[in-house]
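# An overview of the molecular structure
These are the residues of each chain, in order.
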Amino acid sequence: MAVEVLFWCIAALLATAPAAVAGVRRAWTRIFVYAIALVASTIALATVAWALLTDAGLAQTLRLPIGLPWLGAHFRLDPLAAAFLVVVNLGGTMASLYGLGYGRHEAEPGRVLPFFPAFLAGMNLVVLADDAFTFLSTWEFMSLTSWALVMAHHRQAGNARAGYIYLLMASLGTLSLLLSFGLLAGPDGGYAFDTIRHTQLSSTVASAVLALTLLGAGSKAGLVPLHVWLPLAHPAAPSHVSALMSGVMTKVAVYGFVRIVFDLMGPPAWWSGGVVLLFGGASAVLGVLHALMEHDLKRLLAYHTVENIGIIFIGLGLGLAFAANDMRGPAALATTAALFHVFNHSVFKSLLFFGSGAVLTATGERNMERLGGLIHGMPFTAFAFLIGSVAISALPPFNGFVSEWLTFQAILVSAQLPQWLLKFLVPAVGGLLALSAALAAACFVKAFGITFLGRPRSGVAQDARETDTFSLTAMFALAFLCLAAGVLPGYFIDALAPVVQGLVSAQMPPQATFAWFTIVPIAESRSSYNGLLLFVLIAVAASLAAYVIHRWASHAIRRSAPWDCGFPDASPATQYTAGSFAQPIRRVFGTAVFRAREEIHMPPPGDARPARMHVHLHDLLWDALYAPIAKVVGVTADFLNRMQFLTIRGYLTLVSGALVALLVILAVWQ
Amino acid sequence: MAIIQDALVQLGQLLLVLLLAPLLTGYVRKVKARLLRRQGPDLIQPYRDLHKLLRKDVVLADNASWVFRVAPYVIFATTWVAAALVPTFATGLAFSPAGDLIAIVALLGSARFMLALAGLDVGTSFGGIGSSREMMIASLAEPALLMIAFTLSLLAGSTQLSAVATFMQGPDVGLRVSLAMALVGLVMVAIAENARIPVDNPATHLELTMVHEAMILEYSGRHLAVIEAAASLKLLLYLSVIGCAFIPWGVANADQDLAAYAVSLPVYVIKLAVGGFLLAVFETAVAKMRVFRVPDFLGAALMLGLLAALLLFVSRNV
């Protein structure tokens, strides 16, 4: 039943795409497309959430007679797929709702409207796919539709390059997954997931599959060092699509990884957990450091996706390490933490991209250095963005903290792992995770403080007005979810229990049994957390203090000019900027990580030219990894280019030479 | 009966930390003054200051937003809740299961987040410099503190501070290198987080190296009073954490009767007095360091914490 409902929703989304092409010149097409997407996503969300919570309609399969003639297209709704479909369709619902208002400002709606529902349908199909062929073709469909959306504003500087790099990385990713599935299916070509699940892999093949999956799914998710396309492509798309790409599509990539490595590959080797941990830790810290150096609001958010994907992969890596050592309880804890963070990140990252979209429509600016003081013109957007900022910085009582707390708890259990390498690696990764959490807080003080607080740094920021009701509804719904998942995490953990059970054959203790909504990952004597109590306590203590003071001490307020140590300067240019805010952290970490260098031109006294400062940052990964590849490809292409201009004699020589060479090889081979 | 006792202890502790915190600040100031052969203000001067500030008008910058006005109360509340989770004179607090050591660190992080935002709100250069430096310091101090929390909880098998205190009182502790490193690291973090010399100077204004004071420069009246109270609470909290984790003797346990508190309360006050005295001596003996030397100082704390945790990871098979 559930699968049929889902397919009707997907069909409605797919049918909307050509309809949007047909009606692209009409004004109501926008409302039509987003309304259909909203209704379809909401129905799909309700269906999968119901299926996940009640266990009804799970493990249902569906076979459509399309695709490979002897295979058909298999689809299946199991707990893992249902959990990720909740994320996909929650993101879809909110993005459609937001799009109803935000889409009004789209200059070329014909470049967005047809692809938006198709993109949503593609993500749904990937998660539902139950054979390799369907998985890969829907994966590619998802990539191409999102690529079209990235290219929606193709005339803006840099977007064409972003689309090009995205296309290259997406092709590389799909190729890796294709090879990975080829290895999984073996020589007999059993492409159905059920067949793959029952195939035993030799350890060499398993490690090759792991490497290829890390490359394929990791490049889509934005794992360092495969993240280079992400901060270019995600911000280039319209903001509700950025939210979908960052909040949801990266999660579909995580789904691909979990499906292959946890489900299809069979029991993992212990070192596979270590490899995943290493990539996760590197992504977490490098992502947030890049974000701190960034002054473009949307690109900052995109880099934070890299960070959060790192946190998710840390959880998954721990899960693999525990599962390989048959430590079922800790494996369940680590995997739950990762999956909970998948949900949490999709919620607050969508919220933050929506907020940046509202700022973009109100001011036309993404550069934080030209914003400031928006809290006065856009109070509601500012409030929602603040909630998202606190949540992503892993601060209690919001949801980001709970999943990171669970990850920390999993790290603390891993002292029991027997392998020495893991014993060294895990505390180091724990340190990286703690570092990334602290840096994320610094980064979001910058993002919120420079954008929304202070004084306006430009005329457009001065005149910014609040965004529309649809966008605000979507943002506040997500902000509410941030709080709800933060104060009542037990329900979410329990909802994930069947998923985790399917992945590592164990689950966390049922949280509903603990009093007062306390969550207990392992045992009450070991650790517990109660977000609800903390939230209530903070609220009560703050209100009590405010009430007592206002009632019995003083409540008078006198407005005056800022004090600023007696030397207030009227110019907003004297405020701290995003660049100056990040400068101390750049000095601490940047010299090593980015080879940051400051170049200061100070004209001599009497010279009227302005002083200038340039900051040079190097992306060492790009220089070390991608630049050589690009160079080799360029040189090879130049060389091969000569072959286009041979004479007919030259071509004939080439052909006969190739023939002789092949025959010689054949003769030697036999 | 046990629940009522826990609740009473919890309530008593909530009030105790609130009442004791300004006294601790006054005491540290007094000791510092005496070490400099000054008379120094009365021990109860901080109470007088708070009382006076609370009754004064708030002078608010024209462009201050609601964040600026809400922040003091949020900072105060989160710090107070964090302090309420630390066992001071007795374990077995009613709220103890609500948050462990990691949650306490994160609650302090929430307070700092709001304080840094408040520093940016009015849009002055001093506020910005304070916020920016505070977050730089926190970006190293917080992971260091978390690594120390890891060390303690790996030893005690629990991240709950009550359990850590109980374990440290027990016979299985022994002398460990990890504990020594964690203690040194924790003291370094506590100095940095409470804006003490050599990282920051709580007694200066109009100095380019100030951090905490720069953020709260625009605050006045009751807002300033609440923030000052929160700062005192934070100092008390750190001394209490050091006390309950590293010198746990005298902390009453959950199963003991009320008579035990007659001993544990004075012992706690003595611990605070010793801690405050050592802090004052240390502050008087060292010079303030340049702000870009602070990362080296805190980097050392982070490495100590990491090493302490790493040693436990490789040496233990629990």
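Procedures and definitions
- Residues numbered from 1 in each chain as written.
- Chains lettered and ligands numbered in written order.
- Predicted model: local features only at pLDDT ≥ 70, side-chain atom pairs only at ≥ 80, totals over all residues.
- Helix = DSSP H or I, 4+ residues; strand = E, 2+ residues; numbered from the N terminus.
- Rg over C-alpha atoms; globule rule 2.2 N^0.38 Å.
- Buried ≥ 20, exposed ≤ 12 C-beta atoms within 10 Å, placed from the backbone.
- Contact = placed C-beta atoms within 7 Å.
- Axes fitted to C-alpha atoms, helices over the stretch in contact; angles between N-to-C directions.
- Parallel < 35°, antiparallel > 145°, perpendicular 65-115°, else oblique.
- Nonpolar A, V, L, I, M, F, W, Y, C, P; charged D, E, K, R; others polar.
- pLDDT = per-residue confidence, 0-100.
- Expected span 1.5 Å × (residues − 1).
- Pairing = 2+ DSSP bridges.
- Core = buried A, V, L, I, M, F, W, Y, C linked by C-beta atoms within 7 Å.
- Left-handed = near helix turned anticlockwise from the far one by under 90°.
- Bend = angle between axes of the 7 residues up to and from the residue.

### A look at the overall build of chain B
- Check the secondary structure of chain B and you find 11 helices and one strand.
- In chain B, the order of α-helices and β-strands from amino to carboxyl end is α-α-β-α-α-α-α-α-α-α-α-α.
- The C-alpha atoms of chain B give a radius of gyration of 19 Å, which matches the 20 Å a tight globule of 318 residues would have.
- By its C-alpha atoms, chain B is 55 × 45 × 45 Å across when sized along the principal axes.
- Evaluated residue by residue, chain B yields a buried proportion of 60% over its 318 residues.
- Long-range contacts, defined as pairs at least 24 residues apart, comprise 81% of the intrachain contacts of chain B with a sequence gap of at least 6.

### Observations concerning the overall build of chain A
- Helix and strand counts for chain A stand at 24 helices and five strands.
- Here the C-alpha atoms of chain A give a radius of gyration of 26 Å, agreeing with the 26 Å that 2.2 N^0.38 yields for 670 residues.
- Each of the 670 residues in chain A was classed as buried or not, and the buried ones make up 57%.
- Sequence separation of 24 or more characterises 79% of the internal contacts of chain A that already satisfy a separation of 6 or more.

### Some words on the environment of T335 of chain A
All names here are of chain A.
- Tracing the chain through its elements places T335 in helix 13 (residues 328-363).
- By the C-beta count within 10 Å, which is 29 here, T335 ends up buried.
- As a C-alpha pair, T335 and F193 span 142 residues in sequence and 21 Å in three-dimensional space.
- With residues near it in sequence (within four places) discarded, T335 still touches G315, L316, G319, V500, L503 and V504.

### As for the packing of helix 16 (residues 399-413) of chain A against helix 19 (residues 469-487) of chain A
All names here are of chain A.
- Close contact between helix 16 and helix 19 brings their axes to 7 Å; oriented N to C, the two are set at 40°. Taken together, the axis directions place helix 16 and helix 19 in an arrangement best described as oblique. When helix 16 is examined against helix 19, the residues N399, F401 and V402 are found in contact with a partner set consisting of C482, A485 and G486.
- Its residues placed into classes, the contact of helix 16 with helix 19 shows four nonpolar, two polar and no charged.

### Re unusual backbone geometry
- The linkage connecting P396 of chain A with the following residue, P397 of chain A, adopts the cis geometry, with an omega of 5°.
- With respect to the helices and strands, the residue P397 of chain A is situated in the loop between helix 15 (379-392) and helix 16.
- Despite not being glycine, A394 of chain A shows a phi value in the positive range, around 60°.
- By the C-beta count within 10 Å, which is 30 here, A394 of chain A ends up buried.
- For R37 of chain B, which is not glycine, the phi dihedral falls at a positive 60°.
- Examined against the element boundaries, R37 of chain B turns out to sit in the loop between helix 1 (2-35) and helix 2 (45-55).

### Here we look at the confidence of the model for chain B
- Overall, the prediction assigns chain B a mean pLDDT of 88, with 96% of residues at 70 or greater.
- The ipTM assigned to the predicted complex is 0.94, against a pTM of 0.94.

### So, helix 1 (residues 2-22) of chain A
Residues and elements named next belong to chain A.
- Between the first and last C-alpha of helix 1 there are 31 Å, a value that for 21 residues agrees with the 30 Å anticipated at 1.5 Å per step.
- When we look at burial in helix 1, the residues that qualify are V3, L6, C9, I10, L13, T16 and A20.
- Buried residues along helix 1 sit in contact with helix 2 (28-54), strand 1 (60-64), strand 2 (73-77) and helix 4 (115-128).

### What to know about the pairing of strand 5 (residues 612-616) of chain A
All names here are of chain A.
- Judged by how many residues are buried, strand 5 sits mostly at the surface: zero of five residues are covered.
- Sheet topology note: the strand 4 (residues 597-601)/strand 5 ladder contains five bridges and is antiparallel. The partner of R597 across the bridge, within strand 5, is H616.

### Focus: the interface of chain B and chain A
- Listed as interface residues are 78 residues of chain B and, on the opposing side, 73 residues of chain A.
- Residue contributions to the side of chain B that touches chain A peak at 18 residues, all from helix 5 (residues 125-156) of chain B.
- In terms of residue class, the side of chain B that touches chain A is built from 47 nonpolar, 20 polar and 11 charged.
- With four bridges connecting them, strand 3 (residues 557-560) of chain A and strand 1 (residues 58-61) of chain B associate as parallel partners. If you follow S560 of chain A over to strand 1 of chain B, its bridge partner there is A61 of chain B.

### Thoughts on the nonpolar core
- Counting residues in hydrophobic clusters, the biggest one holds 366 residues, and the most contacted among them are V252, A441 and C482 of chain A together with V81 and L117 of chain B.
- For this core, the element with the most residues is helix 17 (residues 420-452) of chain A, which contributes 21 residues.

### Observations concerning the packing of helix 11 (residues 270-293) of chain A against helix 17 of chain A
Residue and element names in this part refer to chain A.
- Packing of helix 11 against helix 17 brings their axes to within 9 Å, and their N-to-C directions diverge by 20°. Between helix 11 and helix 17, the crossing angle belongs to the class labelled roughly parallel. Once helix 11 is placed against helix 17, the crossing between them reads as left-handed.
- The residue makeup of the contact of helix 11 with helix 17, split by class, is 21 nonpolar, three polar and no charged.

### Brief notes about helix 1 of chain B
Residue and element names in this part refer to chain B.
- Between its terminal C-alpha atoms helix 1 stretches 46 Å, which fits the 50 Å expected from 34 residues at 1.5 Å a residue.
- At L20, helix 1 shows its maximal kink, close to 30°; a proline, P22, follows between one and four residues later.
- Downstream of helix 1 by one or two residues, R37 has phi in the positive range, about 60°.

### Looking at the confidence of the model for chain A
- The predicted model of chain A has a mean per-residue pLDDT of 90, with 100% of residues at 70 or higher.
- When pLDDT is averaged over each element of chain A, helix 15 of chain A comes out on top at 95 and strand 1 of chain A at the bottom at 81.

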